[in-house]
Amino acid sequence: MTSVFCGIDWATDHHDIALLDESGALLAKLRIDDSPQGLTQLLDLLAHHGDHPDNPIPVAIETSHGLLVACLRATGRPIYVINPLTAARYRDRYALSRKKSDLLDAKVLAHILRTDPAEHRPLPADSHLAQAITVLARAQQDAVWDRVQTGNRLRSHLREYFPAFLTVFRNFREGLASPVCRALLAAAPTPTQAAQLTRPQLRAILKKAGRQREITGEVERLHGLLREPQMHQPPLVEQAMGTKTLALLRQFNAACTSADELEAAVVDAFTTHQDADIITSFPGLGHLTGARVLAELGDDHTRFATARALKAYAGSAPITRSSGRKTTVLARRIKNQRLASTGYNWAFAALTASPGARAHYDRRRAAEERHTAAQRNLFNRLLGCLHHCLTHHIPYSEQTAFPDTA
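In this text, all values refer to a predicted model and were calculated from it rather than measured experimentally.

> Please explain the nonpolar core as it appears in this structure.
Side chains that are nonpolar tend, in soluble globular proteins, to be buried together. Counting residues in hydrophobic clusters, the biggest one holds 37 residues, and the most contacted among them are Phe282, Leu297, Trp346 and Leu386. The biggest single contributor to this core is helix H17 (residues 371–392), with 9 residues. With sequence-adjacent residues up to four places away left out, phenylalanine 282 is seen in contact with Trp346, Leu382, Cys385, Leu386, Cys389 and Tyr396.

Shown next as structure tokens:
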């Protein structure tokens, strides 16, 4: 058992380090820059105070990202990521005057490891493949959110001068993200230009966008809709708005391309992972949603000792607030937002893929639960099944998960 504890106050260009012994006395302090030389100084300092591969000195830090954390993880030492809000609460124990410094913050982090190690967990020992999937899946999810945000901006702008264009593609599943929609808007960003498009031009636009079937019928539909009477902005204003549309469209195209390319990359990486078959055996989990689940859970199956811990992490389990005679049960707000977002889609897709999931949801609704609460409860149930399957290395079984309806 180690008797030395390390706290690192992380910053963009430098890091403050504090080493404490088991009594809380300061053994050493150091400020390093964010460079290989700084990392060498840190490792030498730890070695000087008894760091050994069989008994490494644990480190507390407020971030789980960056090269410093990656290099420290490579040494095999336990790294505890402390939430900045938690560290701020601990700081009041050692500085009632509310003073603050980088060294004090490093000392507070080391004190947290010294006094309450059981209340915090080290970073999981995920494989490099799982870490790569995490990077790709989160980037793809960010790209999807960027695509939605940029698409909403574009749609809002079109309503100001070209609302008829939105009605042309309202039945498209992809909406504005449809390649045909984007190609047509790039060729004719204003109502005046759109009305002047000929049938051969529309046919060329459809083929360029990848349309292969029913081109003639679609050409006639677009040709008629784009020529219907509509209100116009003044010519100069309409032209300016069309220029702005092209600028927004370039951003939108970039977001769509990024989302598609990252989706292909994350699916390729996910299909090579050993847990992919177990995860995709669950109803409602495809390769992309499965990759997002794996990205947030990792492949260290000891990370969550119980299914209850996993459910709390995902935010599917409620919290109970009890004081005196008053007890309330509330939805959990502090959670992994990415996993919770994926879980909502997972539970929704499971309703049509699993008779047991559908029956479970219907029972909750019959008990006068709202849709969101019933769907969250279904996600909670599926997470418990996933935890069991991953820890026992077995695929999903409908009969085991929902024995009453199988």
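What follows picks up the thread again.
> Quick question: what am I supposed to make of the environment of alanine 11 here?
Note that alanine 11 resides in the loop between strand S1 (4–10) and strand S2 (14–21). Taking the C-alpha atoms as reference points, alanine 11 and aspartate 300, 289 residues apart in sequence, are found 28 Å from one another.

> Sorry, what's going on with the sheet that holds strand S4 (residues 59–61) here?
The strands making up a sheet associate through hydrogen bonds between their backbones, and the pairing can be parallel or antiparallel. With mixed pairing, 5 strands are arranged side by side in an open sheet as S3-S2-S1-S4-S5. Each edge of the sheet is formed by a strand with only one pairing partner; in this case those strands are strand S3 (26–33) and strand S5 (79–81). Here the strands of the sheet are splayed against their neighbours by 20° on average, with no regard to which way each runs. For S4 and S5, the ladder comprises 3 bridges, and the chain directions are parallel. From the neighbouring strand, isoleucine 61 faces S5, where its bridge partner is valine 81. Across the sheet, helix H1 (residues 36–48) lies against S1, S2 and S3, angled at about 165° from S3, the strand it touches most.

> What should I look at first to understand the pairing of S2 in this one?
Looking along a regular strand, one sees the side chains alternate between the two faces of the sheet. With 7 of 8 residues buried, S2 lies mostly within the body of the structure. The turn linking S1 back onto S2 is made up of 3 residues. The sheet contact formed by S2 and S3 spans 7 bridges and is antiparallel. Within the sheet, the bridge partner assigned to isoleucine 17 lies in S3 and is leucine 30. What sits between the antiparallel neighbours S2 and S3 is a turn of 4 residues, in which glycine 24 has the positive phi angle 95°.

> Honestly, the environment of proline 53 in this entry has me stumped. Any pointers?
Tracing the sequence through the fold places proline 53 in the loop between H1 and S4. Of the residues examined, proline 53 reaches a relative accessible area of 72% and is grouped as exposed. Spatially, the C-alpha atoms of proline 53 and arginine 77 are 7.9 Å apart, while their sequence positions differ by 24 residues.

> Can you help me understand a negative patch on the surface in this one?
On the surface, Glu174, Asp260, Glu261 and Glu263 cluster together into a negatively charged patch. Secondary-structure assignment places glutamate 174 in the loop between helix H6 (163–168) and helix H7 (179–187).

> What should I look at first to understand the packing of aromatic side chains in this one?
Geometry of an aromatic ring pair is reported as the spacing of the ring centres plus the angle between the planes. What the rule picks out here adds up to 6 aromatic pairs. The interplanar angle of 55° and the centroid separation of 6.1 Å between the aromatic rings of tyrosine 161 and phenylalanine 162 together place this pair among those described as tilted. Taken as a pair, tyrosine 161 and phenylalanine 162 share a single burial class, namely buried. Considering the side-chain rings of tryptophan 346 and phenylalanine 379, the 5.9 Å spacing of their centres and the 70° angle between planes classify their relative orientation as edge-to-face. Linking tryptophan 346 in helix H15 (residues 337–353) with phenylalanine 379 in helix H17, this pair joins segments that are 33 residues apart in sequence. Put simply, the rings of Phe282, Trp346, Phe379 and Tyr396 pair up and form one aromatic cluster. The ring of tyrosine 313 has arginine 303 sitting right over it, with the charged end atom 4.9 Å from the ring centre.

Cut-offs used in this document
Residues numbered from 1 in each chain as written. Predicted model: local features only at pLDDT ≥ 70, side-chain atom pairs only at ≥ 80, totals over all residues. Heavy atoms only, no water. Core = buried A, V, L, I, M, F, W, Y, C linked by side-chain atoms within 4.5 Å. Buried < 20%, exposed > 50% of the residue type's maximum accessible area, 1.4 Å probe, protein only. Helix = DSSP H or I, 4+ residues; strand = E, 2+ residues; numbered from the N terminus. Contact = heavy atoms within 4.5 Å. Pairing = 2+ DSSP bridges. Axes fitted to C-alpha atoms, helices over the stretch in contact; angles between N-to-C directions. Patch = residues over 30% accessible without salt bridge, like charges linked within 9 Å, V, L, I, M, F, W, Y side chains within 5 Å. Areas by Shrake-Rupley, 256 points an atom, 1.4 Å probe, with all protein chains shown as cover. Salt bridge = Lys/Arg side-chain N within 4 Å of Asp/Glu carboxyl O. Lys, Arg positive; Asp, Glu negative; His and termini not counted. Charge placed at Lys NZ, Arg CZ, Asp CG, Glu CD. Phe/Tyr/Trp six-rings, centres within 6.5 Å; stacked < 30°, edge-to-face > 60°. Lys NZ or Arg CZ within 6 Å of the ring centre and 35° of its normal.

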